[in-house]
Amino acid sequence: MYEPEEKAMEFSSKRAAEDYAYQRVIEAYDDFVGMYGILTVEEIMKEEDVDESDAEQIFNDNRESELDYKVVLVKENKEKEEIKKNAGT
């Protein structure tokens, strides 16, 4: 089963961190397509009697409604801040 990434990572912006988290959750979701009731595009085409384009839209809508992720700001501890301050003086 998918394990969330809980290590601190450095990004240039909050947006970059959110983009990374979004891509990771998409990859995790896609790993379960065809299992646990997550229908493939082909299965949607058959069950809903729609073309591939409509099935992809349904798939994407279903995926977006299931995604859950977050980005947390982690501040460096004071010891590291002090080392940086002292190194600069």
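Because the structure is predicted, anything quoted here is derived from the model rather than measured. (Residues numbered from 1 in each chain as written. Predicted model: local features only at pLDDT ≥ 70, side-chain atom pairs only at ≥ 80, totals over all residues. Heavy atoms only, no water.)

Caption draft 1: Broad picture of unusual backbone geometry. We note that Tyr36 has phi near 55 degrees; this positive angle belongs to a residue other than glycine. If you trace the backbone, Tyr36 turns up in the loop between helix H1 (14–30) and helix H2 (41–48). Classification of Tyr36 as exposed rests on a relative accessible area of 65%. Of note in the backbone geometry, Asp49 takes a positive phi value of approximately 55 degrees without being a glycine. Its location among the elements puts Asp49 in the loop between H2 and helix H3 (52–66). (Helix = DSSP H or I, 4+ residues; strand = E, 2+ residues; numbered from the N terminus. Buried < 20%, exposed > 50% of the residue type's maximum accessible area, 1.4 Å probe, protein only.)

Caption draft 2: Representation of the nonpolar core. Membership of the largest hydrophobic core is limited to ten residues, which are Val25, Ile26, Tyr29, Phe32, Ile38, Val41, Ile44, Ala55, Phe59 and Leu67. Elements represented by at least two residues in this core include exactly H1, H2 and H3. At three residues, the largest contribution of residues to this core is made by H1. Dropping the residues within four chain positions of it, Val25 is found in contact with Leu67, Asp68 and Tyr69. (Core = buried A, V, L, I, M, F, W, Y, C linked by side-chain atoms within 4.5 Å. Contact = heavy atoms within 4.5 Å.)

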